[in-house]
Amino acid sequence: MTIFSIYIINKAGSLIYHYDCPNTSRPAIEKTFSYPLELVLKVFDEKVVVAFGERDGIKVGHAVLGINGVPAEGKMLKDKRDIMEVLSTESNYPINIKFGRPHLTINERIMLASMLHSLFAIGSQLSPEPNSSGIQSLETDTFKLHCHQTMTGVKFVIISDPKQAHVDIILKKLYEIYSDFALKNPFYSLDMPIRAELFDSSLQAVMEQADKPGLNNILG
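Residues numbered from 1 in each chain as written. Predicted model: local features only at pLDDT ≥ 70, side-chain atom pairs only at ≥ 80, totals over all residues. Heavy atoms only, no water.

J.: Explanation requested: the overall build of the chain in the structure shown.
T.: Helix and strand counts for the chain come out as 5 helices and 12 strands. Over its C-alpha atoms, taken along the principal directions, the chain stretches across nearly 60 × 40 × 35 Å. Counting over 220 residues, the chain shows a buried share of 37%. Total accessible area on the chain is roughly 13,100 Å²; 54% of this is exposed by carbon and sulfur atoms. (Helix = DSSP H or I, 4+ residues; strand = E, 2+ residues; numbered from the N terminus. Buried < 20%, exposed > 50% of the residue type's maximum accessible area, 1.4 Å probe, protein only. Areas by Shrake-Rupley, 256 points an atom, 1.4 Å probe, with all protein chains shown as cover.)

In C-alpha coordinates:
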(Lines give C-alpha, C1' and ligand atoms only; values in the text may rest on other atoms or scores of the structure.)
Protein backbone atom coordinates (compact mmCIF):
# COMPACT_ATOMS: atom_id res chain seq x y z
CA MET A 1 0.00 0.00 0.00
CA THR A 2 1.44 3.34 -1.08
CA ILE A 3 0.73 7.01 -1.46
CA PHE A 4 2.20 8.33 -4.71
CA SER A 5 1.64 12.08 -4.63
CA ILE A 6 -0.27 14.99 -3.09
CA TYR A 7 -1.76 18.06 -4.74
CA ILE A 8 -3.30 21.13 -3.12
CA ILE A 9 -5.49 23.23 -5.44
CA ASN A 10 -6.94 26.62 -4.56
CA LYS A 11 -10.55 27.67 -5.14
CA ALA A 12 -9.67 29.14 -8.55
CA GLY A 13 -8.21 25.84 -9.78
CA SER A 14 -4.53 26.79 -9.48
CA LEU A 15 -1.96 24.36 -8.13
CA ILE A 16 -0.46 25.80 -4.94
CA TYR A 17 1.46 22.74 -3.72
CA HIS A 18 2.50 19.29 -4.86
CA TYR A 19 4.56 16.52 -3.30
CA ASP A 20 5.83 13.26 -4.77
CA CYS A 21 6.61 10.54 -2.26
CA PRO A 22 10.28 9.58 -2.68
CA ASN A 23 9.70 5.85 -2.15
CA THR A 24 7.43 5.50 -5.18
CA SER A 25 9.81 5.69 -8.12
CA ARG A 26 8.19 4.69 -11.38
CA PRO A 27 9.40 1.33 -12.73
CA ALA A 28 11.77 1.48 -15.70
CA ILE A 29 12.47 -1.13 -18.36
CA GLU A 30 15.98 -1.45 -19.76
CA LYS A 31 16.66 -3.43 -22.94
CA THR A 32 19.45 -3.88 -25.48
CA PHE A 33 18.37 -3.31 -29.08
CA SER A 34 19.93 -4.08 -32.46
CA TYR A 35 19.67 -1.92 -35.56
CA PRO A 36 17.17 -0.94 -36.89
CA LEU A 37 15.14 -0.01 -33.82
CA GLU A 38 11.76 -1.74 -34.09
CA LEU A 39 9.97 0.86 -31.98
CA VAL A 40 8.72 4.09 -33.56
CA LEU A 41 9.77 7.09 -31.47
CA LYS A 42 8.84 10.75 -31.72
CA VAL A 43 9.53 13.96 -29.86
CA PHE A 44 6.51 15.01 -27.82
CA ASP A 45 6.50 17.85 -25.30
CA GLU A 46 10.31 17.94 -25.30
CA LYS A 47 10.57 14.21 -24.56
CA VAL A 48 11.37 11.24 -26.81
CA VAL A 49 8.42 8.86 -26.45
CA VAL A 50 7.20 5.59 -27.99
CA ALA A 51 4.65 6.42 -30.69
CA PHE A 52 4.11 2.91 -32.10
CA GLY A 53 5.10 -0.64 -31.21
CA GLU A 54 5.06 -2.40 -27.84
CA ARG A 55 7.30 -5.18 -26.54
CA ASP A 56 8.65 -6.59 -23.26
CA GLY A 57 6.62 -4.20 -21.13
CA ILE A 58 7.56 -1.11 -23.17
CA LYS A 59 4.34 0.68 -24.05
CA VAL A 60 3.17 3.56 -26.22
CA GLY A 61 3.71 6.75 -24.26
CA HIS A 62 6.80 5.52 -22.42
CA ALA A 63 9.72 7.93 -22.65
CA VAL A 64 13.43 7.34 -23.18
CA LEU A 65 14.97 7.78 -19.72
CA GLY A 66 18.55 6.97 -20.65
CA ILE A 67 20.89 5.43 -23.21
CA ASN A 68 23.90 3.26 -22.32
CA GLY A 69 23.72 4.49 -18.74
CA VAL A 70 23.58 8.20 -19.68
CA PRO A 71 20.40 9.81 -18.27
CA ALA A 72 18.02 11.65 -20.58
CA GLU A 73 17.17 15.30 -20.00
CA GLY A 74 14.18 15.92 -22.21
CA LYS A 75 15.04 15.17 -25.83
CA MET A 76 18.78 15.36 -25.09
CA LEU A 77 21.11 13.12 -23.13
CA LYS A 78 22.95 14.53 -20.13
CA ASP A 79 26.12 14.69 -22.25
CA LYS A 80 24.25 17.04 -24.66
CA ARG A 81 23.79 14.49 -27.47
CA ASP A 82 20.46 14.52 -29.31
CA ILE A 83 18.59 11.29 -28.49
CA MET A 84 16.96 10.94 -31.91
CA GLU A 85 20.33 11.36 -33.63
CA VAL A 86 21.94 8.76 -31.39
CA LEU A 87 19.16 6.26 -32.10
CA SER A 88 19.24 6.85 -35.85
CA THR A 89 22.99 6.16 -36.15
CA GLU A 90 23.67 2.51 -37.00
CA SER A 91 27.21 2.55 -35.60
CA ASN A 92 25.80 3.13 -32.10
CA TYR A 93 24.20 -0.32 -32.07
CA PRO A 94 23.81 -2.60 -30.20
CA ILE A 95 22.44 0.00 -27.80
CA ASN A 96 20.96 -0.14 -24.31
CA ILE A 97 17.84 2.01 -23.83
CA LYS A 98 15.93 2.63 -20.62
CA PHE A 99 12.20 3.31 -21.00
CA GLY A 100 9.62 4.36 -18.45
CA ARG A 101 6.78 6.69 -17.59
CA PRO A 102 7.94 10.28 -18.13
CA HIS A 103 8.19 12.52 -15.08
CA LEU A 104 5.59 15.27 -15.02
CA THR A 105 6.84 18.80 -15.53
CA ILE A 106 5.56 21.64 -13.38
CA ASN A 107 3.54 22.93 -16.36
CA GLU A 108 1.90 19.51 -16.78
CA ARG A 109 1.05 19.44 -13.07
CA ILE A 110 -0.52 22.90 -13.30
CA MET A 111 -2.60 21.78 -16.29
CA LEU A 112 -3.75 18.59 -14.54
CA ALA A 113 -4.73 20.56 -11.42
CA SER A 114 -6.85 22.88 -13.55
CA MET A 115 -8.48 19.91 -15.30
CA LEU A 116 -9.28 18.25 -11.97
CA HIS A 117 -10.82 21.50 -10.70
CA SER A 118 -13.06 21.61 -13.79
CA LEU A 119 -13.94 17.91 -13.50
CA PHE A 120 -14.88 18.44 -9.85
CA ALA A 121 -17.25 21.27 -10.86
CA ILE A 122 -18.78 19.15 -13.65
CA GLY A 123 -19.37 16.32 -11.20
CA SER A 124 -21.23 18.68 -8.87
CA GLN A 125 -23.46 19.88 -11.71
CA LEU A 126 -24.21 16.36 -12.98
CA SER A 127 -25.40 15.18 -9.58
CA PRO A 128 -29.18 14.58 -9.43
CA GLU A 129 -29.08 15.80 -5.83
CA PRO A 130 -28.70 19.51 -5.00
CA ASN A 131 -25.60 20.80 -3.19
CA SER A 132 -23.45 17.86 -4.27
CA SER A 133 -20.02 17.70 -2.64
CA GLY A 134 -18.43 16.90 -6.01
CA ILE A 135 -16.00 14.11 -6.84
CA GLN A 136 -14.54 12.50 -3.75
CA SER A 137 -12.71 9.59 -5.41
CA LEU A 138 -11.79 8.14 -8.79
CA GLU A 139 -10.42 4.60 -9.07
CA THR A 140 -8.50 2.74 -11.78
CA ASP A 141 -6.74 -0.62 -11.70
CA THR A 142 -3.40 1.04 -10.82
CA PHE A 143 -4.26 4.04 -8.62
CA LYS A 144 -7.02 5.78 -6.73
CA LEU A 145 -7.58 9.53 -6.54
CA HIS A 146 -9.00 10.92 -3.29
CA CYS A 147 -10.27 14.51 -3.09
CA HIS A 148 -11.37 16.56 -0.09
CA GLN A 149 -12.68 20.09 -0.58
CA THR A 150 -12.75 22.49 2.37
CA MET A 151 -15.48 25.03 3.07
CA THR A 152 -13.29 27.70 1.46
CA GLY A 153 -12.93 25.73 -1.78
CA VAL A 154 -9.35 24.49 -1.32
CA LYS A 155 -8.95 20.91 -2.59
CA PHE A 156 -6.60 18.33 -1.10
CA VAL A 157 -5.88 15.50 -3.53
CA ILE A 158 -4.07 12.26 -2.77
CA ILE A 159 -3.02 9.78 -5.47
CA SER A 160 -2.55 6.37 -3.88
CA ASP A 161 -2.48 2.65 -4.41
CA PRO A 162 -6.10 1.42 -4.75
CA LYS A 163 -5.64 -0.65 -1.56
CA GLN A 164 -4.28 2.20 0.56
CA ALA A 165 -6.36 2.37 3.76
CA HIS A 166 -7.42 5.30 5.95
CA VAL A 167 -6.85 7.97 3.32
CA ASP A 168 -9.69 10.02 4.82
CA ILE A 169 -7.70 10.29 8.05
CA ILE A 170 -4.57 11.30 6.14
CA LEU A 171 -6.54 14.00 4.29
CA LYS A 172 -7.79 15.33 7.61
CA LYS A 173 -4.23 15.46 8.94
CA LEU A 174 -3.07 17.31 5.82
CA TYR A 175 -5.75 19.92 6.38
CA GLU A 176 -4.55 20.37 9.97
CA ILE A 177 -0.99 20.91 8.70
CA TYR A 178 -2.27 23.40 6.13
CA SER A 179 -4.16 25.30 8.84
CA ASP A 180 -1.22 25.31 11.27
CA PHE A 181 1.73 25.99 8.98
CA ALA A 182 0.24 27.86 6.00
CA LEU A 183 -2.86 29.77 7.12
CA LYS A 184 -1.30 30.78 10.43
CA ASN A 185 1.95 31.83 8.76
CA PRO A 186 2.04 35.66 8.71
CA PHE A 187 4.14 35.58 5.53
CA TYR A 188 1.70 33.40 3.59
CA SER A 189 -0.86 34.96 1.24
CA LEU A 190 -4.12 33.05 0.81
CA ASP A 191 -4.41 31.00 -2.43
CA MET A 192 -0.74 31.54 -3.28
CA PRO A 193 1.86 28.73 -3.65
CA ILE A 194 2.88 27.27 -0.29
CA ARG A 195 6.59 27.66 0.47
CA ALA A 196 7.24 26.95 4.15
CA GLU A 197 9.83 24.61 5.64
CA LEU A 198 7.63 23.64 8.60
CA PHE A 199 4.79 22.76 6.24
CA ASP A 200 7.12 20.60 4.11
CA SER A 201 8.67 18.77 7.06
CA SER A 202 5.31 18.14 8.76
CA LEU A 203 3.76 16.80 5.54
CA GLN A 204 6.75 14.51 4.93
CA ALA A 205 6.45 13.18 8.48
CA VAL A 206 2.78 12.29 7.89
CA MET A 207 3.69 10.48 4.66
CA GLU A 208 6.34 8.45 6.45
CA GLN A 209 3.88 7.52 9.19
CA ALA A 210 1.20 6.57 6.67
CA ASP A 211 3.27 3.55 5.58
CA LYS A 212 3.42 2.23 9.15
CA PRO A 213 0.70 0.01 10.66
CA GLY A 214 -1.82 1.54 13.03
CA LEU A 215 -3.72 4.82 12.96
CA ASN A 216 -2.07 6.25 16.06
CA ASN A 217 1.05 7.05 14.05
CA ILE A 218 -0.96 9.47 11.90
CA LEU A 219 -3.29 10.82 14.53
CA GLY A 220 -0.60 11.41 17.13
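J.: Mind showing me how you'd approach the side chain of Asn10 here?
T.: Residue position: Asn10 is located in the loop between β1 (3-9) and β2 (15-20). Side-chain polar atoms of Asn10 contact the backbone oxygen of Asp191, separated by 2.9 Å. With residues up to four places along the chain from it excluded, the contact list for Asn10 reads Ile16, His117, Gly153 and Asp191. (Polar contact = N/O pair within 3.5 Å; in protein donor to acceptor, adjacent residues only side chain to side chain. Contact = heavy atoms within 4.5 Å.)

J.: What should I look at first to understand the packing of aromatic side chains in this one?
T.: Here the distance between the centres and the angle between the planes together describe a pair of aromatic rings. Counting across every chain of the model gives 6 aromatic pairs. With a centroid separation of 4.8 Å and an interplanar angle of 80°, the aromatic rings of Tyr17 and Phe199 are classed as edge-to-face. A residue pair is termed long-range when its members are at least 10 positions apart, and Tyr17 in strand β2 and Phe199 in helix α4 (residues 197-210) qualify at 182 residues. Here Tyr17 and Phe199 have matching classes, each one buried. One aromatic cluster is present, built from ring pairs that chain together Phe156, Tyr175 and Tyr178. The ring of Phe120 carries Lys155 above its face, with NZ or CZ at 4.8 Å from the centroid. (Phe/Tyr/Trp six-rings, centres within 6.5 Å; stacked < 30°, edge-to-face > 60°. Lys NZ or Arg CZ within 6 Å of the ring centre and 35° of its normal.)

J.: What exactly am I supposed to notice about the nonpolar core here?
T.: Note on soluble globular proteins: their nonpolar side chains tend to be buried together. In this structure, Ile194, Phe199 and Met207 are the most contacted members of the largest nonpolar core, which totals 25 residues. At the level of elements, β1, β2, β12 (155-160), α3 (167-183) and α4 are the ones that each hand at least two residues to this core. The greatest single-element share of this core, amounting to 7 residues, is contributed by α3. In this structure Met207 touches Ile3, Ile6, Tyr19, Cys21, Ile170 and Leu174, once residues within four positions along its chain are discounted. Counting 18 residues, the second largest nonpolar core, distinct from the first, contains Leu37, Leu41, Ile83 and Tyr93. (Core = buried A, V, L, I, M, F, W, Y, C linked by side-chain atoms within 4.5 Å.)

J.: What is the right way to look at the pairing of strand β4 (residues 40-44) in this model?
T.: Walk down a regular strand and you will see the side chains alternate between the two sheet faces. Strand direction decides the pairing type here: β4 and strand β5 (residues 47-52), joined by 5 bridges, are antiparallel. The residue bridging Lys42 from the neighbouring strand is Val49, located in β5. Hairpin connection from β4 to β5: 2 residues lie between these consecutive antiparallel strands, with Asp45 at a positive phi of about 55°. (Pairing = 2+ DSSP bridges.)

J.: What is the right way to read the sheet that holds β1 from this model?
T.: Paired through backbone hydrogen bonds, the strands of a sheet run either parallel or antiparallel to each other. Sheet architecture is open: 5 strands sit in the order β2-β1-β12-β11-β10, paired in antiparallel fashion. Of all strands in the sheet, those with a lone pairing partner are β2 and β10 (137-139), marking the two edges. In this sheet, adjacent strand axes meet at a mean angle of 10° when their direction is disregarded. Of the pairings in the sheet, the one linking strand β11 (residues 144-149) to β12 comprises 6 bridges and is antiparallel in character. Looking at the pairing, His148 lines up with Phe156 of β12. (Axes fitted to C-alpha atoms, helices over the stretch in contact; angles between N-to-C directions.)

J.: Explanation requested: the packing of α3 against α4 in the structure shown.
T.: When two helices pack together, their arrangement is captured by the angle between the axes and the distance separating the axes. Interhelical geometry of α3 versus α4 gives an angle of 165° and a closest axis separation of 9 Å. It follows from the interaxial angle that α3 and α4 lie roughly antiparallel. Read as a crossing pair, α3 and α4 show a hand that is right-handed. For the pair α3 and α4, contact is made by Ile170, Lys173, Leu174, Ile177, Tyr178 and Phe181 and by Leu198, Phe199, Ser202, Leu203, Val206, Met207 and Ala210, respectively. (Parallel < 35°, antiparallel > 145°, perpendicular 65-115°, else oblique. Left-handed = near helix turned anticlockwise from the far one by under 90°.)

J.: How should a nonpolar patch on the surface be read in this particular structure?
T.: A cluster of nonpolar residues, Met111, Leu112 and Met115, forms a patch on the protein surface that exposes about 290 Å² of accessible area. When you line up the elements, Leu112 lands in helix α2 (residues 106-126). Leu112 gets classed as partly exposed once you look at its relative accessible area, which sits at 37%. (Patch = residues over 30% accessible without salt bridge, like charges linked within 9 Å, V, L, I, M, F, W, Y side chains within 5 Å. Salt bridge = Lys/Arg side-chain N within 4 Å of Asp/Glu carboxyl O.)

J.: Which parts of the structure should I look at to understand unusual backbone geometry?
T.: Working note: non-glycine residues mostly have negative phi, and peptide bonds are mostly trans. Note that the residue after Tyr35, namely Pro36, is joined by a cis bond; omega there is -5°. Here Pro36 lies in the loop between β3 (28-33) and β4. Cis geometry is found at the peptide bond from Tyr93 to Pro94, where omega equals 0°. Residue position: Pro94 is located in the loop between α1 (83-88) and β9 (95-100). Residues other than glycine seldom take positive phi values, yet Asp45 does so here, at roughly 55°.

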